Amino acid sequence: MEGLKKVAVAGVIAAALAPLGAFAQQPVKVGFVMFLSGPAASPFGVPAKNAADFVVDELNAGKGPAPYGKVGFGGSKIEMVAIDEAGPTTSVVTEYRNLVQRSNVDLVIGYISSGSCLAIAPVAEELKKFTNFFDCGTPRIFEDASYKYVFRTSPTATMDSVGAAFFVRDTKGKVKSIAGVNQNYAWGQDSWGDFEASMKQLDPGVEVKTSQMPKLFAGQYNAEISSLLGTGADVIHSSFWDGDLEAFILQASPRGLFDKRTVILTTGETAMHKLAAQIPDGTVLGARGPFGPYAPDNAYNRWFAKGFEARFQAPPNYASYQMAQAILGVKAAWEKAMAANGGKRPTNEEVGAALEHLAFDGPGGHVRMAIGKGHQAIMETAYGMTRNVGGKLTMVDVKRYPAETVNPPEGVKSADWIKGGFKK
Amino acid sequence: MRPDRTPLLLGAILAAVVAGGLALPQWLLFILTIACAQGLVVLGLNLLIRAGLVSFGQALFYCIGAYTAGGLSRAFGISDLFVQMAAGTATAALAAFVLGFLLARYRGIFFGLLSLALSMIFYGLIVKSETLGSTDGFNLAKATLLGVRPGEAWVRYAVLVAAASVTLAAVFLAWRFLRTPLGQLGPAIKDNEIRVEYMGASVRYAIHVNYVIAAALAGAGGALAATTVGHIDPEMAYWTTSGEFVFIAVLSGTGSVVAPFLGALIFGAIHTVAFDLSPNTWQMSMGLVLLAAIVFLPDGLWSLFTRRKTA
Amino acid sequence: MSQIGPVLVDGVIYSAWLFIAAVGLTLVYGVMKILNVTHGSFYALGAYAGASLTGAWLVKGYPPMLSYAVLLGGALLATLAVAPAIERGLLRFMYAKDEVVILLVTYALFLIIEDAIKLVWGVNPYFVAEPYALLGSFEVGGLKYPTYNLILVGLALALAAGLAWVLRGTRVGKLLSAVIHDPEMSRALGVNVDRFYLVTFTLGCFLAALGGSFTSPTVSVVPGLGVDVIVLSFAVVVIGGLGSLPGAALGAVIVGLVRSLSVHYLPQVELFVIYSVMALVLAFRPRGLFGLAEPRKI
């Protein structure tokens, strides 16, 4: 009878303690949202998902480089719940609400399309769910409103076009004329608008020959290419991506559009590997920041790039880098919050407070959550020209621009900042 | 002849929403509200389908309603749900009144394609506008009901009850319309226009009226969707949005004024399940479901409830 | 201001592409009264099959000049694998239904094939640029154009001539005209209408696949390739008149030239110029430019 009582008491104590132990080990459920179908899947969604798979597996095994060595987030493994971002905005918002209220995720990392980010931000505030946008181009999110639960650990698209303009100034000096070919939707319109405004600031006498705005996914650009050739512009700017970018390169290159003029492809990095043979020397490629060929040689990049390529037989592109950075940033904030509250599992509010104004490092280099009241990241950017060295496409003449020179300061809207002459 | 118990059904649904809504989870309340919005559009579409005119451009009025609500919110700070829905209905109806003079002359596939073209032109116009945010669209202020902003825990329930009331009122009006001589002309026009003319009724007038009513319903649905989701963008006028409405119309059938809402709910459920189970091939799942619905339920889901018992 | 030469050349090239892409759609509608949404799927299937087979052909080191035949072969294989199965296995049972219901059936099939393509070929883009660059280039108004574009124009002309000859000059073509005008009567007279439907559907889909396959060297083949082609083909075919082959040609020429003019002189309107032309034509000619008048049966 004595023995049985002891076992019973032990059992009761164990049962009382078990939830505590289980709670500490309970995984962190993270919702991941990106395009798994449709045209944006191949250049952005799938590379981002692959990066998420790689980083989450490495972190869960405790194999992240210091200071990301703890398992998962602060010792709790990360459980991925991945959904597709595709569909009309109504469906995107519905699926976000389902993710938060039905699947009960602890936090959300995701969203590639600016439209999705704009729609989701107020909903995240309403549901009080920590949400980190890892891509999206538009600066409007934190310029038009303030948020407590919404963050973005990647820089906005403003720095792509501003950086491109600086690169032209630094490598070509003053140019006589510019032209653009961009997709006719918010991304293309904003990219061209920023580039045109920046060029006019740096070079007030520059002439804008034409701004071609073909439909998104038009695919056939013969007429646009003829028009660009006919204008004789010195610099051509394009923010095309994926299928459109590749079709444009395939159609423009044999017709000599790249000869005797500078062509800037602000998101050209995604085409770099597959179309290496078709991209002529001297083309200016952007990677939306210090990613891909512009990534620094630090411990994080060595771990990420090598491991990613070994697992997926393809190098990571900038979408992959942005996703990796997003996860590492959340991990840094989570663990900082844990240290501040005595080792307990942090609430969404505590993680948010920790991420505000945080500075951390990742495969792309240094990230500072410096604007948007500490919710929007800034990074340096880099541009270079292509050169075919022994069959491999490499970037030469690389110029880096510090974060403050290509991002607006706190509280200033991007468009106003450019018009005001890039005042710091 | 069995008396049509539809008004009782509508009353029962409203009671169920008011009572049951208190127990339902938040995400389900959201889905039900969206189903109301989509159901309104499809109800209007059904009126046209009964007359043999399948419109692939209802998204035009859905979008007009949404942007009206958005415009009121952004330019005048008006966020009242009822005002937005009324305004959306009015602008859409006005647009349909004007366009109806052109469209009422067309039948069959040409009606569908012309309505599609008009919707795409509107899409192009909005995309060109940088003030309206082009393809990114813009957000609406949080919804208020008669000047009151409900507490965070009650918002979804309050909006659903308000939406359901307005929706069921609209459905009741549609049901009354279908019992008038003008409303009953739909199937007659589909069968044989010439005989209708010989009877002394004007086919053009009937189609024009149906078109305006369908647009008004779509505009109301658009305004409701806009304020519930909190965000609008030009894709609401794209042909794939119209395609979704036609999908729901086929799914629900034209058997009853309540059918579109059931169809919208089931469509939403299938969409979510397809996303959950097959995130990489959800389009295929949706396609298979649509195919199954057409093959096995040619009169829509509602036919499951109205199988006549043969002796 | 651009010179008129390049504008015309661009217009002609785009019109040729539009015609190849759209002619199959008008053929299927004319004979079977079906607005075939899977037209876009077959365009994509042709592009994927053509690009992947030609890519494999070139990697193995076979003669590059024959890659054009491989493009043709790829389109043919893709069509024969899928189109007859769809027609015999599903569409055949739907002919009695409303034309909108059949349209929705083809829309459902389109969704299914989209994901099937993703399962077979994955989401990564396919390139096969060699056939595009192989034939060199020519100059108009000081601008270089790859000669490959002339192949597209040649293909369009050959198709137009070939189809016109078949319809008017051969016995099969005359029987087809009979089936177009009155399937019931044709059946009563002993014409095997079912076989005509099968052949027509397969041919229409093959023409779409051919369009996709021969376009693939100029683009990168990605998921979603077929979606925009559908709406564009609809617009061209409606402008010309559903079911009319000369109509499809005229529609393609009009849309191609208008688009080329707008790109060169007024880029801002390019986005809705096609739908505006479509709405304009329909407003004045409700059945399209060459639409066949249909007798109303009481």
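Rules and cut-offs
- Residues numbered from 1 in each chain as written.
- Chains lettered and ligands numbered in written order.
- Predicted model: local features only at pLDDT ≥ 70, side-chain atom pairs only at ≥ 80, totals over all residues.
- Helix = DSSP H or I, 4+ residues; strand = E, 2+ residues; numbered from the N terminus.
- Buried ≥ 20, exposed ≤ 12 C-beta atoms within 10 Å, placed from the backbone.
- Contact = placed C-beta atoms within 7 Å.
- Nonpolar A, V, L, I, M, F, W, Y, C, P; charged D, E, K, R; others polar.
- Core = buried A, V, L, I, M, F, W, Y, C linked by C-beta atoms within 7 Å.
- Domains from an automatic or database assignment.
- Pairing = 2+ DSSP bridges.
- Axes fitted to C-alpha atoms, helices over the stretch in contact; angles between N-to-C directions.
- Expected span 1.5 Å × (residues − 1).
- Arc of directions from axis to C-beta.

Asks: What is the right way to look at unusual backbone geometry in this model?
Replies: All names here are of chain A. The amide bond that connects A66 to the next residue, P67, takes the cis arrangement and shows omega of 0°. The residue P67 is located in the loop between α2 (41-60) and β2 (78-84) in this model. A positive phi angle, near 60°, is found at K260, a position not held by glycine. You can see K260 is positioned in the loop between α9 (242-252) and β9 (262-265). Since 9 C-beta atoms lie within 10 Å of it, K260 is described here as exposed.

Asks: Is there a simple way to think about the interface of chain B and chain A in this case?
Replies: It is common to give the size of an interface as the accessible area that goes away when the parts come together. Listed as interface residues are 29 residues of chain B and, on the opposing side, 28 residues of chain A. Listed by contribution, the elements that provide at least two residues to the side of chain B that touches chain A are α2 (26-50), α9 (203-229), α11 (259-277) and α12 (282-296) of chain B. If one sorts the elements of the side of chain B that touches chain A by residue count, α2 of chain B sits on top with 5 residues. Here the residues of the side of chain B that touches chain A are counted per class, giving 11 nonpolar, 13 polar and 5 charged.

Asks: What am I meant to see in the interface of chain C and chain A here?
Replies: Taken together, the contact between chain C and chain A spans 32 residues of the former and 34 residues of the latter. Looking at the side of chain C that touches chain A, the elements with two or more residues in it are α1 (4-32), α5 (130-134), β2 (143-146) and α11 (245-265) of chain C. Classifying every residue of the side of chain C that touches chain A gives 19 nonpolar, 8 polar and 5 charged.

Asks: Would you mind going over the nonpolar core with me for this structure?
Replies: Soluble globular proteins tend to pack their nonpolar side chains together in the buried interior. Counting 354 residues, the largest nonpolar core has A215 of chain B together with A235 of chain C as its most contacted members. When we break this core down by domain, the ones giving at least three residues each are domain 1 (10-156 + 296-378) and domain 2 (158-287 + 381-419) of chain A. Setting aside residues no more than four positions away along its own chain, A235 of chain C makes contact with V255, I274, Y275 and M278 of chain C.

Asks: Please clarify how the sheet that holds strand β6 (residues 177-181) of chain A should be interpreted in this entry.
Replies: Two strands in a sheet stick together by hydrogen bonds in their backbones, pointing the same way (parallel) or opposite ways (antiparallel). All names here are of chain A. The mixed open sheet is built from 7 strands, whose spatial order is β7-β6-β8-β9-β10-β14-β15. Looking at strand neighbours, the two that pair on one side only are β7 (207-212) and β15 (392-401), the edges of this open sheet. Taking each pair of neighbouring strands and ignoring which way they run, the sheet shows an average axis angle of 25°. Examined bridge by bridge, β6 and strand β8 (residues 235-238) share 3 bridges and lie parallel to one another. When the bridges of β8 are listed, A179 appears paired with I236. Running over the sheet, helix α7 (residues 186-202) touches β6, β7 and β8 and is turned about 175° from β6.

Asks: Please clarify how the pairing of β2 of chain A should be interpreted in this entry.
Replies: Here is the key point about a regular strand: its side chains alternate between the two faces of the sheet. Both strand β1 (residues 28-34) of chain A and β2 of chain A contribute to a ladder of 7 bridges, which runs parallel. Note that in β2 of chain A the partner of K29 of chain A across the bridge is E79 of chain A.

Asks: Whenever I open this one, helix α10 (residues 299-312) of chain A confuses me. Can you help?
Replies: All names here are of chain A. The terminal C-alpha atoms of α10, which comprises 14 residues, lie 20 Å apart, in line with the 20 Å expected from a rise of 1.5 Å per residue. Listed as buried for α10 are Y300, N301, F304 and F308. Projected onto a plane normal to the axis of α10, the buried residues spread over an arc of 90° and lie on a single side. Every exposed residue of α10 that faces more than 90 degrees away from the buried side is listed here: A299, K306, E309 and A310. Positive backbone phi, approximately 55°, marks Q313, located one or two places after α10.

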